[in-house]
Amino acid sequence: MTTRTKGPLYIPYAGPALLETPLLNKGSAFSKEEREAFNLTGLLPPRYESIEEQVKRAYMQYASFENTINKHIYLRAIQDKNETLFFRLVQEHLPEMLPIIYTPTVGDACEKFSDIYRSKRGLFVSYEERDQLDAILRNATKPKVKVIVVTDGERVLGLGDQGIGGMGISIGKLSLYTACGGISPAYTLPVVLDVGTNNEKLLQDPMYMGARHKRIGQAEYDAFVEQFMQAVYKRWPDVMVQFEDFAQPNAMPILQRYRERYCCFNDDIQGTAAVTVGSLLAACRAKGQQLCEQKVVFVGAGSAGCGIAEQVITQMMAEGLSDEEARRRIYMVDRFGLLSEGMTDLRDFQQKLVQSKAALSSWNYSGDFASLLDVMHCAEPTVLIGVSGQPGLFSEQVVRAMHKGCKTPVIFPLSNPSRQVEATPEQVIAWTEGDVIIATGSPFQPVQYQGNSYPIAQCNNSYIFPGIGLGVIAVKARRISDEMLMAASETLAAASPLANTGQGELLPSLTALSELSKRIAFAVGKVAQQQGLALEISDNQLQDNIEANFWRPEYRQYKRISF
Ligand SMILES: NC(=O)C1=CN([C@@H]2O[C@H](COP(=O)(O)OP(=O)(O)OC[C@H]3O[C@@H](n4cnc5c(N)ncnc54)[C@H](O)[C@@H]3O)[C@@H](O)[C@H]2O)C=CC1
Ligand SMILES: CC(=O)C(=O)O
Ligand SMILES: [Mg+2]
């Protein structure tokens, strides 16, 4: 592997304009020579500081804020002032700061987006301005965008329609691409499509900064998304697009429409499936079992639930089951009960996951469709996954009924942010007397129960997407296949301390995310090549490309471009 020392950067800006360019600003770390060359002398306090000193001051200020949203606002302000310092600070305090820049606090930031708005970041692509789409993309002034996260803000975490507040989630996800996947912030672009909002509170809020009308109709919406995708790929032909937090009626259709045309994926469907299958493989290995032996119940048959279910079925088939046998082991419970043959108004992707009448013929339940509790009694499942966005659905009765039929159940309440969780880890551990393998979508503190401490794994797609992005960039992948995502799942499972040693956490610690992302990138890049979807390069070259593309928050020396 070759290590490269980065040479100087040639910079066309000087004076206040340089200090106001967050990708280039070094603040007090500009050297004497640089201050002279770039007309900065006198614009900064006289002492020349190192980035370590800057981090120390920033952390001191960060620590002085008591509530999490203020910490978030403070960190975002640094990001908008000096991106290198922001990522260095986050890197040095990753476990503490991830919950502030990402879930759960990013949920508050999306809800309060217009109230706490300070300065520009990313692109607001508004339906009203659709005839200027090419100009809007040019205005991004980023010639080499490699990763875009785009949302229309209609289903932000489990918090519903946040309109342009969805920009917060695009920003948060891309911060993780950099902090955990090494994608240079010069190459990332957060986008929100402003197509209106159906959130009455926002429509009535005088502070709301998005278009004040209901969401546009489906035909206009589809044409607008099409126009956006074409314009994006005209401007940046090799970019990877991550669709984020689209509501159920649009998430799957958009993915189906574009996954064969462009290098894109849906994080809530595919990224979540990859992290959950990886976590389930690890949990099964820890129990000395296979995934194909499990019976899996989902609460919430939406984008995430059905996405995970299909990937679980693929894995069960890889372990030897037929498609039909695998589907029989999956129970999808939504608002009206268990998805069953004869249920009306199901979407195509839900229809594929119904239980047949024959499979339920021996079940004893009242009402038209089995309830979650009925499923616990009649199916005796071994895995329970919550992706409903509704707090409290895993009641004591449900969890105890599950535990009665399964000695060590696997229970994953995955809804975000923390306040939307189907049951808290404390509850799940108490109701199973500590005999459970648990993971949540948002971070939770370890639970103390009867003298033991239970670490809580965070089963969140943030384990997956940074590595996917790095892998796609390293091999210049043209598409993102299910097999590439499965390779990411396998890599995650192989890194599970619990599966490997019988002890510790189900998933590797967050501080190990960068190294894990590189391993995921390698696995994803290999599969992309095998499938003819990418450059054909040697393993050494692939490893080299991963390292070369892994940006580190360090200041580079600047030289002035003289005209
Ligand atoms: N941990 C992670 O990495 C991820 C977590 N999620 C979380 O999963 C949740 C759902 O996300 P999506 O599937 O994209 O949303 P979605 O809107 O497509 O699906 C949610 C489903 O839950 C159903 N539901 C609502 N109330 C219910 C109830 N009382 N009983 C049963 N089902 C009910 C809805 O009808 C809908 O089908 C969100 O809270 C999100 O934060 C999503 C993606 C990743
Ligand atoms: C984690 C994530 O993507 C979600 O909750 O929507
Ligand atoms: Mg999401």
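Reading the values: the criteria
- Residues numbered from 1 in each chain as written.
- Chains lettered and ligands numbered in written order.
- Predicted model: local features only at pLDDT ≥ 70, side-chain atom pairs only at ≥ 80, totals over all residues.
- Heavy atoms only, no water.
- UniProt positions renumbered as here; feature names shortened; annotations may be inferred.
- Helix = DSSP H or I, 4+ residues; strand = E, 2+ residues; numbered from the N terminus.
- Core = buried A, V, L, I, M, F, W, Y, C linked by side-chain atoms within 4.5 Å.
- Buried < 20%, exposed > 50% of the residue type's maximum accessible area, 1.4 Å probe, protein only.
- Contact = heavy atoms within 4.5 Å.
- Near = heavy atom within 4 Å.
- Polar contact = N/O pair within 3.5 Å; in protein donor to acceptor, adjacent residues only side chain to side chain.
- Areas by Shrake-Rupley, 256 points an atom, 1.4 Å probe, with all protein chains shown as cover.
- Nonpolar A, V, L, I, M, F, W, Y, C, P; charged D, E, K, R; others polar.
- Salt bridge = Lys/Arg side-chain N within 4 Å of Asp/Glu carboxyl O.
- Donors = N, O, S within 2.8 Å, 3.2 Å for Na, K, Ca; no water.
- pLDDT = per-residue confidence, 0-100.

In the numbering used here, UniProt assigns the "domain: Malic enzyme N-terminal" (unreviewed entry) feature to residues 79-259. Between the first and last C-alpha atoms of residues 79-259 the distance is 32 Å; the span itself is 49% helix and 11% strand.

Let us look at the nonpolar core. Within the largest apolar cluster, 140 residues are counted, with the highest numbers of intra-cluster contacts made by Ile-148, Ile-330, Ile-385, Ile-468 and Leu-506. Residues in contact with Ile-148, not counting those within four places in the same chain, are Leu-189, Val-191, Val-232, Trp-236, Val-239, Met-240, Val-241 and Gln-242. Core analysis: the next-biggest nonpolar cluster, separate from the first, contains 29 residues, Ala-379, Met-402, Ile-429 and Ile-438 among them.

What follows deals with the site of ligand 1. Neighbouring residues of ligand 1: 27 residues in total, closest Arg-155, Gln-248, Ser-303, Ala-304 and Asp-334. In this structure, an oxygen atom belonging to ligand 1 sits 2.9 Å away from a side-chain N or O atom of Gln-248. Protein contacts shield 89% of the accessible area of ligand 1, which totals 860 Å² for the unbound molecule. At the level of elements, helix H14 (267-286), helix H15 (303-318) and strand S8 (330-334) are the ones that each hand at least two residues to the shell around ligand 1. By residue class, the composition of the shell around ligand 1 is 9 nonpolar, 14 polar and 4 charged.

Our next topic: helix H5 (residues 83-92). Burial runs high along H5: 8 of the 10 residues are buried. By the burial criterion, the buried members of H5 are Glu-83, Thr-84, Leu-85, Phe-86, Phe-87, Arg-88, Leu-89 and Val-90. Lining the buried residues of H5 we find helix H3 (51-63), helix H4 (68-81), helix H6 (94-101) and helix H10 (167-181). Capping of H5 at its N-terminal end is provided by Asn-82; its side-chain oxygen lies 3.2 Å from the backbone amide nitrogen of Thr-84.

Next up on the list: the pattern of salt bridges. All told, the structure shown has 35 salt bridges when counted by the stated rule. Its salt-bridge partner being Arg-257, residue Asp-222 comes within 3.7 Å of it at the nearest N-O pair. Taken together, the residues span a long stretch of sequence, with Asp-222 in helix H12 (residues 218-235) and Arg-257 in helix H13 (residues 248-258) at a distance of 35 residues. The exposure class assigned to Arg-257 is partly exposed, which follows from its relative accessible area of 31%. Here Glu-310 ties to Arg-327 by a salt bridge, and the two come within 2.9 Å at their closest N and O atoms.

Looking at the secondary structure, you find Ser-114 in helix H8 (residues 113-116). Ser-114 gets classed as buried once you look at its relative accessible area, which sits at 12%. At 3.0 Å, the side chain of Ser-114 and the backbone nitrogen of Met-209 are in polar contact.

Turning to the coordination of the magnesium ion (ligand 3), a few remarks are in order. In this structure, Glu-244 (OE), Asp-245 (OD) and Asp-268 (OD) serve as the protein donors to the magnesium ion (ligand 3), at separations of 2.0 to 2.1 Å. Counting the intervening residues between successive donors of the magnesium ion (ligand 3) yields the motif E-D-x22-D. Residue Asp-245 is found in the loop between strand S5 (240-243) and H13, and its partner Asp-268 is found in helix H14; the two are separated by 23 residues along the sequence. The same class applies to Asp-245 as to Asp-268, namely buried.

Looking at the chain, pLDDT values average 97 and 99% of them are 70 or higher. Across the interface, the model reports ipTM at 0.99; the global pTM reads 0.97.

With that settled, the discussion passes to the site of ligand 2. Every residue lining ligand 2 is accounted for by Tyr-102, Arg-155, Leu-157, Lys-173, Glu-244, Asp-245, Asp-267, Asp-268, Asn-416, Asn-460 and Asn-461. Taking Lys-173, its side chain carries an N or O atom lying 2.9 Å from an oxygen atom of ligand 2. Asn-461 is positioned with one of its side-chain polar atoms (N or O) 3.1 Å from an oxygen atom of ligand 2. Calculation on ligand 2 without its partners gives an accessible area of 220 Å², and the protein chains cover 90% of this total. For the shell around ligand 2, the residue count by class is 2 nonpolar, 3 polar and 6 charged.

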